[in-house]
Amino acid sequence: MREYLQSNKHKSRARLKVSAAHVAIEAAHAGSLALLQHFRKPLDIRTKGVANYVTQADLAAETAVVQTILDAFPSHAILSEESHSDRADAEHSWIIDPLDGTNNFIHGMPHFAVSIGYYQNGEGILGIVTSPATGDWFVAARGEGAWFNGQPIQVSRAQGLEQAMIACGFYYDRDQMMQSTLDTIGDLFRTQIHGIRRFGAAALDLAWVAAGWFDGFFEYRLSPWDIAAGAVIIHEAGGKVSDCMGNPVALNRSSSLCASNQALHPAMLEIISKRLPRS
Ligand code: IPD
Ligand code: CA
Ligand code: CA
């Protein structure tokens, strides 16, 4: 009897995963379309903090994504950057950045994303990152793999930092965290890495690590919605995600982040942990 019940539970979880995947894709489509309707058009730009902006595009995409999810799963928790703050570790939690790369978007630069992670009791089940301006999609489902535009992806094979292209991000801080990031970039260059890139959309940075285009990524502070989808995609592509001290990332608060293939992770941590601001 117990086995029977457990297998039924397993089947209903699998069914939920499939229907959640359909909903996630529909929601990502809706969010992407909402963003494209505003891209390179006049924007109403409001300031949340230094260099931290919100526009009607962020809000329209958030409404489109959240509405699609809640129409299908009215009881699920929503943690979304602009206006939903349910728990990330709820039984069913959707963690959403409706527009990742707002600064790029405002400047008419086509590097921005919709990022949607679906978690069950804190465990990443689905991750979707879309790049509406290029039409690219990164998708992953726990235990089933990760895909870029329908093709399976894997993290890079780089074995040492001297073979690595590293991406990074800057939190909004213009003080100690900015200086630490700049100093760490110097430390990384001195290990003879191929280069550093800062493209301005963390969800895409993570997706690009999963695809093997970046070998590693670090940022000294990110929010759960920047990380949630990308972490699932990297995990399914065979990579590793931790905070900058090597600890598991908790999605109920902001966190530092280190992402890479398995081989590079210790070398990345050794460099980036040294200057991690204690905040
Ligand atoms: C930002 C971008 C950026 C990262 C910042 C994020 P937003 O997200 O991902 O690359 O460096 O820390 O806050 O504000 O454009 O959603
Ligand atoms: Ca973001
Ligand atoms: Ca955002």
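Our subject is the structure that appears above.
In this report, we go over the structure that sits alongside the text. Owing to the predicted nature of the structure, the values given are computational and were not obtained by experimental measurement.

**What to know about the nonpolar core**
Ile 95, Val 129, Phe 138, Ile 153, Phe 217 and Ile 233 are the most contacted members of the largest nonpolar core, which totals 38 residues. For this core, the secondary structure elements donating two or more residues are strand 6 (113–120), strand 8 (136–141), strand 9 (145–148), strand 11 (165–168), helix 5 (202–210), strand 13 (216–222), helix 6 (224–236) and strand 15 (255–260). In terms of residue count, the dominant contributor to this core is helix 6 (eight residues). Three or more residues apiece are contributed to this core by two domains, here domain 1 (2–152) and domain 2 (161–275). Leu 16, Ala 20, Ala 34 and Val 65 belong to the second largest nonpolar core, which has 29 residues in total.

**Observations regarding the coordination of the calcium ion (ligand 3)**
Bound to the calcium ion (ligand 3) on the protein side are Glu 81 (OE), Asp 97 (OD), Asp 97 (OD) and Leu 99 (O), at distances that span 2.2 to 3.1 Å. Counting residues between consecutive donors of the calcium ion (ligand 3) along the chain gives the motif E-x15-D-x1-L. If you look at the calcium ion (ligand 3) and the calcium ion (ligand 2), they sit 3.8 Å from each other and are both ligated by Asp 97. Here Asp 97 and Leu 99 have matching classes, each one buried.

**Some details on the site of ligand 1**
Taken together, 16 residues surround ligand 1, and among them Asp 100, Gly 101, Tyr 172, Ala 202 and Glu 219 come closest. Asp 100 places a side-chain nitrogen or oxygen 2.7 Å from an oxygen atom of ligand 1. One of the backbone nitrogen or oxygen atoms of Ala 202 is found 2.9 Å away from an oxygen atom of ligand 1. If ligand 1 stood free it would expose 380 Å²; the protein chains cover 94% of that surface. Looking at the shell around ligand 1, the elements that each hand over two or more residues are strand 5 (93–100) and strand 13. The biggest single contributor to the shell around ligand 1 is strand 5, with three residues. A class-by-class count of the residues in the shell around ligand 1 yields six nonpolar, four polar and six charged. When residues of the shell around ligand 1 are sorted by domain, at least three fall in each of domain 1 (2–152) and domain 2 (161–275).

**Section: the sheet that holds strand 15**
If you walk across this open sheet you meet the five strands as 12-11-13-15-14, and the pairing is mixed. Strands with a single pairing partner mark the edges of an open sheet, and in this sheet they are strand 12 (195–197) and strand 14 (240–242). Going across the sheet, the axis of each strand differs from the next one's by a mean of 15°, ignoring polarity. In this sheet, strand 15 lies alongside strand 13 in antiparallel orientation, the contact comprising five bridges. Its bridge partner lying in strand 15, Glu 219 is registered against Leu 257. Running at roughly 25° to strand 15, helix 6 makes contact with strand 13, strand 14 and strand 15 of the sheet. Docked against the sheet, helix 7 (residues 265–272) engages strand 11, strand 13, strand 14 and strand 15, running at close to 145° with respect to strand 15.

**Concerning the packing of helix 5 against helix 6**
Packing of helix 5 against helix 6 leaves a shortest axis separation of 8 Å and a crossing angle of 5°. Comparing the axis directions of helix 5 and helix 6 gives the class roughly parallel. Residues Ala 202, Ala 203, Leu 206, Val 209 and Ala 210 of helix 5 form the contact with helix 6, whose participating residues are Asp 226, Ile 227, Gly 230, Ala 231, Ile 233 and Ile 234. Of the residues in the contact of helix 5 with helix 6, the class split is nine nonpolar, one polar and one charged.

**So, the pairing of strand 7 (residues 123–131)**
Of all nine residues making up strand 7, eight are buried, and the element is well covered by its neighbours. By the bridge criterion, seven bridges tie strand 6 to strand 7 in an arrangement that is antiparallel. Residue pairing in the sheet places Ser 115 in a bridge with Val 129 of strand 7. Bridge count for strand 7 against strand 8 is six bridges, and the pairing is antiparallel.

**Some words on the coordination of the calcium ion (ligand 2)**
In this structure, Asp 97 (OD), Asp 100 (OD) and Asp 226 (OD) serve as the protein donors to the calcium ion (ligand 2), at separations of 2.1 to 2.3 Å. For the calcium ion (ligand 2), the single-chain donor residues occur in sequence as D-x2-D-x125-D. We classify Asp 100 as buried; its relative accessible area is 7%.

About the cut-offs
Residues numbered from 1 in each chain as written. Chains lettered and ligands numbered in written order. Predicted model: local features only at pLDDT ≥ 70, side-chain atom pairs only at ≥ 80, totals over all residues. Heavy atoms only, no water. Core = buried A, V, L, I, M, F, W, Y, C linked by side-chain atoms within 4.5 Å. Buried < 20%, exposed > 50% of the residue type's maximum accessible area, 1.4 Å probe, protein only. Helix = DSSP H or I, 4+ residues; strand = E, 2+ residues; numbered from the N terminus. Domains from an automatic or database assignment. Donors = N, O, S within 2.8 Å, 3.2 Å for Na, K, Ca; no water. Near = heavy atom within 4 Å. Polar contact = N/O pair within 3.5 Å; in protein donor to acceptor, adjacent residues only side chain to side chain. Areas by Shrake-Rupley, 256 points an atom, 1.4 Å probe, with all protein chains shown as cover. Nonpolar A, V, L, I, M, F, W, Y, C, P; charged D, E, K, R; others polar. Pairing = 2+ DSSP bridges. Axes fitted to C-alpha atoms, helices over the stretch in contact; angles between N-to-C directions. Contact = heavy atoms within 4.5 Å. Parallel < 35°, antiparallel > 145°, perpendicular 65-115°, else oblique.

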